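The chain contents come next:
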Amino acid sequence: MPLRFLPVLASAILLFVGCHKRATPAEAGVRTHTLLIGNGAEPRDLDPHVDVAYTDYNILVALFEGLTVIDEATSKPLPGMAERWDVSPDGLVYTFHLRADAVWSNGDPLTAQDFVFSFERILSPQFAAEYANMLFALKNAEAYNTGKLADFAQVGVKALDAHTLQLILERPCSYLLSLAAHQTWMPVPAATILKFGKAHDRGTRWTRPENFVCNGPFTLEEWSPDQRLVVKKNSRHHDATTNRLERVIFYPVADLTVDENNFRAGQVHITYDVLPDRLDAWRREAPGELRVDGFLETFFLRFNVTRAPFTDKRVRQALARAIDRDALARSVMRGSRLPAHSLVPPDTAGYTSTRGTPTDFDAARRLLAEAGYPGGKGFPKIELKMNADPVNTKIFEAVQQMWRRELGIDIVLTTEEYRVYIDSMQSLSFDLLRSRWVGDYNDPTTFTDLFTSTGGNNNTGWKNPAYDRLVADAANEQDTTRRFALLQQAEALMLDDAPIAPIFYGARTYLIRPEVKGWVPALLGVHRYQTIRLEP
């Protein structure tokens, strides 16, 4: 080419490059089938028997699969690792038939014995799983977990052969198939776990990417703490041929302003949440990218009943009654939440609470005076802990002002990094604690079981034998009307004793790009990523 044409060619190249803007990660992700998600927090671990947070569960459902999975649209169970099952006429024996081609991500066969190992591990007293009670539907599971029974062979779990798992229940359980989809029922790889420690050891290196073995629709490719976690399609999973995604990248962004900015800049396809004071702008400017989905969740305060002044029921009742929930839902949450006066959200599988915690400032002042703090005089300095989140800050600054104005008391607000906050909750290292509970399955017991004396996620120090009996009686009752009546009595008793103060019921507010297809509203808030696709 003659040299005189080179400047013209160079100018044309620069003009071409200048006219073609570099693709954002979200745009590139559509081409590479890589879903980018803001996930709110760094995972505690990637062990389904250790993790308890909703943000961890979002990742675990990509990596592991239980006997069943949950359909997002209906909250009903579907076949997972088990392709079918039989139930005895009395509802006490479930026989699961595993997929004949079920394998771990390393190619090892996945058998019924893997489920036996996994259930023994999570129920072991040495392992001390906070979520062990999720398996108490199994015969003798609670006795084994609490140390009353030493022989696991007496627990209702048997591998009849390599592909047949038999479960014997303590009593009929109408939602057993939904329970079987939960992370606590997910199998873990025995050979890998034992390579890096004992079966009941926590926090070993088996969950590092270079060692990780799983059975879900994706496998672990990268885990860069506090930066990103990458999962890639598991070619050995039974849904591999229909899975349209190659990768999912989770970003543990706790700052919702950063999360929103990432969305605007095309860094993610889906945010974890949206700040309430940004909802009106999105409703006005880009309503098609804002989602407000129903969500089986309650946001509440925990009182540490082992610490003064919360050893006094009247103090707890006073503070619980001095919260204007309507104002919080309307003004702080911009109408995206409903005020909560009970623990269980209304119409949970047909159940609605019959009693609740009222907002009653006069009664609150009277109760506080009866407890020895008239007008707040002499009330000790107390601290309310929460994880670092601007939504939490706005909510509890408003509560702080309500208590100062109506009761004459001052509290200190303290924020903690998420993992530290979880440790504070589980060790009862708090006076007051911001709390939320997302239902694990669509039944009121996913909430009422929390506050039994042996509940691993109770985290209040509150124990009440009468409450325990009512919850146990409800578990033994097969008639739905009578079962719900017993749970209503239990919930009313608990709310009167006030180890918690309900604040509002949940909703999932988030931003989602139009290229994301198949992301339907999910009452339990969890999605099977293998059903999602990205299209221009």
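Residues numbered from 1 in each chain as written. Predicted model: local features only at pLDDT ≥ 70, side-chain atom pairs only at ≥ 80, totals over all residues. Heavy atoms only, no water.

Caption draft 1: Summary view of the sheet that holds strand β9 (residues 228-233). Pairing is mixed across the open sheet formed by 4 strands, whose spatial order is β1-β10-β9-β8. Of all strands in the sheet, those bounded by a partner on one side alone are β1 (34-38) and β8 (218-224). Between one strand axis and the next, the sheet turns by 20 degrees as a mean value, whatever way the strands run. Judged from the 5 bridges that link them, β1 and strand β10 (residues 247-251) form a sheet pairing that is parallel. Looking at β10, one finds that isoleucine 37 is bridged to phenylalanine 250. (Pairing = 2+ DSSP bridges. Helix = DSSP H or I, 4+ residues; strand = E, 2+ residues; numbered from the N terminus. Axes fitted to C-alpha atoms, helices over the stretch in contact; angles between N-to-C directions.)

Caption draft 2: Region of the structure containing the packing of helix α10 (residues 313-321) against helix α12 (residues 361-370). Remark: α10 packs on α12, axes separated minimally by 8 Å, with the N-to-C direction vectors making an angle of 155 degrees. Classified by the angle between their axes, α10 and α12 sit roughly antiparallel to one another. Between α10 and α12 lies a crossing whose hand is left-handed. Contacts between α10 and α12 involve Arg314, Val315, Gln317, Ala318, Leu319 and Arg321 from the former and Phe361, Ala363, Ala364, Leu367, Leu368 and Glu370 from the latter. For the contact of α10 with α12, the residue count by class is 8 nonpolar, 1 polar and 3 charged. (Parallel < 35°, antiparallel > 145°, perpendicular 65-115°, else oblique. Left-handed = near helix turned anticlockwise from the far one by under 90°. Contact = heavy atoms within 4.5 Å. Nonpolar A, V, L, I, M, F, W, Y, C, P; charged D, E, K, R; others polar.)

Caption draft 3: View of the confidence of the model for the protein chain. Across the protein chain, pLDDT averages 95, with 96% of residues at or above 70. The low-confidence segment residues 1-18 (pLDDT under 50) makes 2 contacts with residues lying over four places distant or belonging to another chain. (pLDDT = per-residue confidence, 0-100.)

Caption draft 4: The nonpolar core, seen in detail. Formed by 80 residues in total, the largest nonpolar core has its most connected members in Leu35, Leu319, Trp403, Trp519 and Tyr529. Looking at which element gives the most residues to this core, the answer is helix α13 (residues 390-407), with 8 residues. Sequence-distant contacts of leucine 319, defined by excluding residues within four places in its chain, comprise Phe303, Phe310, Leu368, Ile382, Trp403, Leu407, Ile409 and Leu432. (Core = buried A, V, L, I, M, F, W, Y, C linked by side-chain atoms within 4.5 Å. Buried < 20%, exposed > 50% of the residue type's maximum accessible area, 1.4 Å probe, protein only.)

Caption draft 5: Structural context of the packing of aromatic side chains. Counted by the stated rule, this structure contains 23 aromatic pairs. A ring pair is formed by phenylalanine 64 and tryptophan 206, whose centres lie 6.4 Å apart and whose planes are at 75 degrees; its orientation type is edge-to-face. A residue pair is termed long-range when its members are at least 10 positions apart, and phenylalanine 64 in the loop between α3 (54-63) and β2 (68-70) and tryptophan 206 in the loop between α7 (190-195) and β8 qualify at 142 residues. Of the two residues, phenylalanine 64 and tryptophan 206, neither departs from the other in class, the shared state being buried. Ring geometry for phenylalanine 115 and phenylalanine 119: centres 6.1 Å apart, planes at 70 degrees, overall edge-to-face. Taken together, the positions of phenylalanine 115 and phenylalanine 119, both in helix α4 (residues 112-123) and 4 residues apart, correspond to about one turn of that helix. Take phenylalanine 115 and phenylalanine 119: they sit in the same class, and that class is buried. Three or more aromatic residues link up through ring pairs in this structure, and these residues are Tyr54, Tyr272 and Phe295. The ring of tyrosine 510 carries arginine 508 above its face, with NZ or CZ at 4.5 Å from the centroid. (Phe/Tyr/Trp six-rings, centres within 6.5 Å; stacked < 30°, edge-to-face > 60°. Lys NZ or Arg CZ within 6 Å of the ring centre and 35° of its normal.)

Caption draft 6: Representation of the pairing of strand β15 (residues 432-438). Burial of β15 is extensive: 6 of the 7 residues sit out of reach of the surface. Looking at chain direction, strand β11 (residues 290-303) and β15 are connected through 7 bridges and run antiparallel. Residue threonine 298 lies in a different strand from β15, and its bridge partner there is tryptophan 437.

Caption draft 7: Quick look at helix α8 (residues 256-264). When α8 is considered as a whole, its buried residues turn out to be Leu256, Asp259, Glu260 and Phe263. All buried residues of α8 lie within an arc of 95 degrees about the axis, which places them on one face of the element. Tucked inside the fold, the buried residues of α8 contact β1, α9 (279-285), α13 and β16 (500-511). For α8, the side-chain oxygen to backbone nitrogen distance between the N-cap and threonine 257 is 2.9 Å, and the N-cap itself is aspartate 255. Downstream of α8 by a residue or two, glycine 266 has a phi angle that is positive, lying close to 75 degrees. (Arc of directions from axis to C-beta. Polar contact = N/O pair within 3.5 Å; in protein donor to acceptor, adjacent residues only side chain to side chain.)

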